[in-house]
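Coordinate inspection notes
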Amino acid sequence: MNVLMGFEDPPSSPQSEYFWETVETMVQFNINGKKYIVPNSLPADTSLNTFIRENAHLKGTKFMCLEGGCGACIVSVQFKHPSTGQIVNQSVNSCLVPVFTCHGWSVTTVEGLGNKAHGYHKIQQRLAAASGTQCGYCSPGMVMNMNSLLESNPTLTMKDVENSFGGNICRCTGYRPILDAFKSFASDAPPELTKKLADIEDMMCPKSGKICTGSSCGQKCGPATEEIDGGWTVCNNLDDPLPNSNNLLVTLQDGLIWRKPTSVKEVFELLDQIGDKSYRMVAGNTGPGVYRLDRDYEVLIDLNGIAELHSTSVTDNGVVLGANISLTEAMALFYKLAKDKPNQYSYMKVLGDHIDLIANVPVRNAGTFGGNLSMKHQHEEFPSDIFLFLEMAGATVVIADSSGMQNEMGLLEYLATDMNKKLMVKINLPAYDDASHVCRSFKIMPRAQNAHAYVNAGFLVKVDKKSGYKVLEKPRIIFGGIQPKFVHASNSEDFLVGKKLTDENTLKGVLNVLEKELDPDYILPDASPEYRRGLALSLLYKFVLSVDPSKVSDKNKSGGPLMQRPVSSGKQDFDTDRNIWPLNKPIPKIEALIQCSGEAEYCNDIPSFPGQLWAQIAVTDRLATVSKIDFSEAKKVPGFWGYYTAKDIPGVNSFIQSPNPERHEKVIKYY
Ligand SMILES: Cc1cc2nc3c(=O)[nH]c(=O)nc-3n(C[C@H](O)[C@H](O)[C@H](O)COP(=O)(O)OP(=O)(O)OC[C@H]3O[C@@H](n4cnc5c(N)ncnc54)[C@H](O)[C@@H]3O)c2cc1C
Ligand code: FES
Ligand code: FES
């Protein structure tokens, strides 16, 4: 048995008051091909990131924001899709994945991809060769995001690459060299880019990462990635295979229950058994990246093993999505339907494009439709993009309860429904005749990617295209980010019925009506109400301009389509005198490869020593006169050891060069 937890015998599970036959009682999964059993002594909210770093002692996977926004923690995961049975290979933010959801998974961390002992992976080598690291803290996450991209789509384009790093934040290197490195793997990469990086990469010793002189180490250089290029696959490199069953019941030592059922029926059996105990469903668990959990729950119900919640079906009349289909899966399905069945589903291209503006690739891989709609249900003010476009499309949801009833309802009715002990099981999307429907959606946000909307909008209008786009029935005009309760621009919808969309008077009239019905709230730090009202009006104007560009004057034509950003490019020249090489010859940074492989050690990677103390610098953010510093609250914190103030620092109390070196202990002049 290849078990790494510092013990060989699996930890025993306390007796549970709940019982199902043939359930597993321990979470087992692989990291880099080694099997781990998750001890039930760990808290239920232990993340995969914490487990990788603290239990598996692999410090290459970093963390920073802990909310799915920075990408420092990205790892590649493989698991069997609960509905199709196919192996899914994708990147996830390990900071958001609860380790108890990893049952049966194979996880690859940056160490598993390549390292000094076995040779570095091409992705690691090219990032280093392109000078794509500075401090290197973001690099393992960048490498792993690229790894999953390549594994899931070996023919990806430069545009795909550039579009897939919205959730990987680099604070110091700059994105040009990072993107150059990764674009060199794209099917349409210019040969000069691929050659330049491959040349530098070839100069590096695949084992040591140092520039190879051809003879110095005496090692026979083979292709660096030969033994690891195949990647980790579920179970195939294990003496002791992972369990096949999805059905799981873990009783944690603090009495909490982690249950992974395989059917909707089992969810309700559990909900019946737990009485008044607090519970939470867990799907992708990305929700806590937006709204932190405010309490501990006694029972956790993992929905990731239920095939019904992850399946889809398509007819000519509509599409049925399992409630917990991921955003990534839905995006792929929508694009496919828009292409294969344009007569009924061309509008789904709009939905696919809109999903591309939600969060970032790893969050979309894990996050689900049902989770997103539930967040909207729990937090009315959440400017959910999924809610916006599903309501635009007239989608319905199916809600199941323990009596076996399944109720189909519109999204507004769903928001008003008590969801206690209920489960969303399906989402239904209708077909729309392409010949008579116009559909657009928009999202205005502070950045091009990975940000919530200031204002988002969706328009679906049935028209007679031959008679000036006459509106045939009440359209669906939805705005988010205005007021928690504002969904439909109902007066504008009423106004448009029977009017010609391409008529200038219609435009003036509807803008007038919309302006009157918009009353944005003012909640800091949201953008001002005036700005958001202006955005909403502009989006309606933009929609009308886009409907029939042939009727729009040249002056206004560019207002209709969304601006398309071309693939970026950049160039860097070195001033170098080739006559005196190797002096002043540019070479990859010495520590770049160990940064790209996670072997570089940072302060918080070093294990703590017995008796180690931690300190926090308390600073002020106000210009003020300090009359008194009160440490009484700090002293109450368990383990409090002591404090230092300016008085404890001898000499000039300054650590920076200042134009005004004298410092006053009482008057704060800089902050
Ligand atoms: C960095 C980041 C950026 C984001 N940006 C955007 C954005 O721009 N636009 C946007 O719209 N969203 C955004 N999101 C939200 C994201 O889409 C949601 O977090 C995700 O879809 C939630 O799905 P989940 O499966 O992870 O839900 P979970 O976190 O697992 O669950 C969330 C809630 O849903 C409940 N739930 C889940 N499934 C069901 C079900 N079948 N029946 C009943 N209850 C259920 C759970 O009990 C829980 O209360 C962002 C999230 C992150 C982390
Ligand atoms: S730590 Fe930032 S995304 Fe996980
Ligand atoms: S954060 Fe990217 S190299 Fe420093």
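Residues numbered from 1 in each chain as written. Chains lettered and ligands numbered in written order. Predicted model: local features only at pLDDT ≥ 70, side-chain atom pairs only at ≥ 80, totals over all residues.

Considerations on the overall build of the protein
Per the secondary structure count, the protein includes 21 helices and 18 strands. Residues classed as buried in the protein amount to 40% of the 671 residues present. (Helix = DSSP H or I, 4+ residues; strand = E, 2+ residues; numbered from the N terminus. Buried ≥ 20, exposed ≤ 12 C-beta atoms within 10 Å, placed from the backbone.)

Side note on the nonpolar core
One finds L127, V143, A393 and A536 to be the most contacted residues of the largest nonpolar core, which totals 145 residues. A per-element tally of this core places helix α18 (residues 529-547) first, with seven residues. Apart from the residues lying within four places of it in its own chain, the contact partners of L127 are G132, T133, S139, M142, V143, I178, A181 and C596. (Core = buried A, V, L, I, M, F, W, Y, C linked by C-beta atoms within 7 Å. Contact = placed C-beta atoms within 7 Å.)

Quick word on the site of ligand 1
Taken together, 33 residues sit near ligand 1, with G284, G287, G289, G371 and S374 positioned nearest. Those elements that provide at least two residues to the shell around ligand 1 are β8 (279-282), α12 (361-366), α13 (369-378), α14 (385-392) and β14 (423-430). Counting residues per element, the shell around ligand 1 draws most heavily on α13, which supplies five residues. Looking at the shell around ligand 1 residue by residue, the class counts come to 15 nonpolar, 16 polar and two charged. (Near = placed C-beta within 6 Å. Nonpolar A, V, L, I, M, F, W, Y, C, P; charged D, E, K, R; others polar.)

Observations regarding the pairing of strand β1 (residues 27-31)
Among the five residues that make up β1, five are buried, leaving the element largely enclosed by the rest of the structure. Both faces of β1 are covered, namely the face carrying V27, F29 and I31 and the face carrying Q28 and N30. Examined bridge by bridge, β1 and strand β2 (residues 34-38) share five bridges and lie antiparallel to one another. Bridge pairing in β2 links V27 to V38. If you look at the hairpin formed by β1 and β2, you'll find two residues sitting between the two strands, and N32 has a positive phi there, around 50 degrees. (Pairing = 2+ DSSP bridges.)

A few points about the pairing of strand β13 (residues 406-410)
Strand direction decides the pairing type here: strand β12 (residues 396-400) and β13, joined by five bridges, are antiparallel. Opposite T396, over in β13, you have G410 as the bridge partner. Hairpin connection between β12 and β13: a loop of five residues separates the two successive antiparallel strands, and G404 in this loop has a positive phi of roughly 90 degrees.

Let's talk about the packing of helix α3 (residues 122-129) against helix α4 (residues 139-152)
α4 packs onto α3 with a crossing angle of 130 degrees between their chain directions and a minimal axis gap of 10 Å. Here α3 is positioned oblique relative to α4, judged by the angle of their axes. Handedness of the crossing formed by α3 with α4: right-handed. For the pair α3 and α4, contact is made by I123, Q124 and L127 and by S139, M142, V143, M146 and N147, respectively. (Axes fitted to C-alpha atoms, helices over the stretch in contact; angles between N-to-C directions. Parallel < 35°, antiparallel > 145°, perpendicular 65-115°, else oblique. Left-handed = near helix turned anticlockwise from the far one by under 90°.)

Points about unusual backbone geometry
Cis rather than trans, the peptide bond between L524 and P525 has omega equal to 5 degrees. Mapped onto the elements, P525 comes out in the loop between α17 (504-517) and α18. Omega for the bond connecting W581 with P582 falls within 30 degrees of zero, at 10 degrees, which places this linkage in the cis form. Within the secondary structure, P582 sits in the loop between α19 (554-557) and α20 (592-596). Positive phi outside glycine occurs at K421, with the angle close to 60 degrees. Tracing the backbone shows K421 in the loop between α15 (411-415) and β14.

Remarks on the sheet that holds β12
Taking strand neighbours across the sheet as the criterion, the five strands line up as β10-β11-β14-β12-β13 in an open arrangement whose pairing is antiparallel. Looking along the sheet, the strands with just one partner apiece sit at the ends: β10 (312-314) and β13. On average, each strand axis in the sheet is inclined to that of its neighbour by 20 degrees, with strand direction left out of account. Along the sheet face, α13 touches β11 (318-322), β12 and β14 and points at about 105 degrees away from the line of β14.

Looking at the environment of I386
Relative to the elements of secondary structure, I386 occurs in helix α14. I386 sits 13 residues away from L373 along the chain, and the two C-alpha atoms are 7.1 Å apart. Residues contacting I386, with those up to four places away along its chain left out, are F369, N372 and L373.

A word on the confidence of the model for the protein
Mean pLDDT for the protein: 89, with 88% of residues reaching 70 or above. Confidence drops under a pLDDT of 50 for residues 1-14, and excluding neighbours within four residues, the segment shows 29 contacts in the predicted structure. Low pLDDT, under 50, characterises residues 222-238; the stretch is placed with 35 contacts to residues that sit more than four places away or in other chains. (pLDDT = per-residue confidence, 0-100.)

Structural notes on the packing of α17 against α18
Where α17 meets α18, the axes come as close as 10 Å, and the angle between the chain directions of the two elements is 155 degrees. As the angle between them shows, α17 and α18 are arranged roughly antiparallel. Handedness of the α17/α18 crossing: right-handed. Each of L507, V510, L511, L514 and E515 in α17 lies in contact with α18, whose residues at this interface are A536, L537, L540, Y541 and V544. The class makeup of the residues in the contact of α17 with α18 is nine nonpolar, no polar and one charged.

Here we look at the environment of M445
Looking at where M445 falls in the secondary structure, it is placed in the loop between β15 (437-444) and β16 (455-464). Contact partners of M445, with chain neighbours within four places excluded, come to A451, H452, A453 and Y454.

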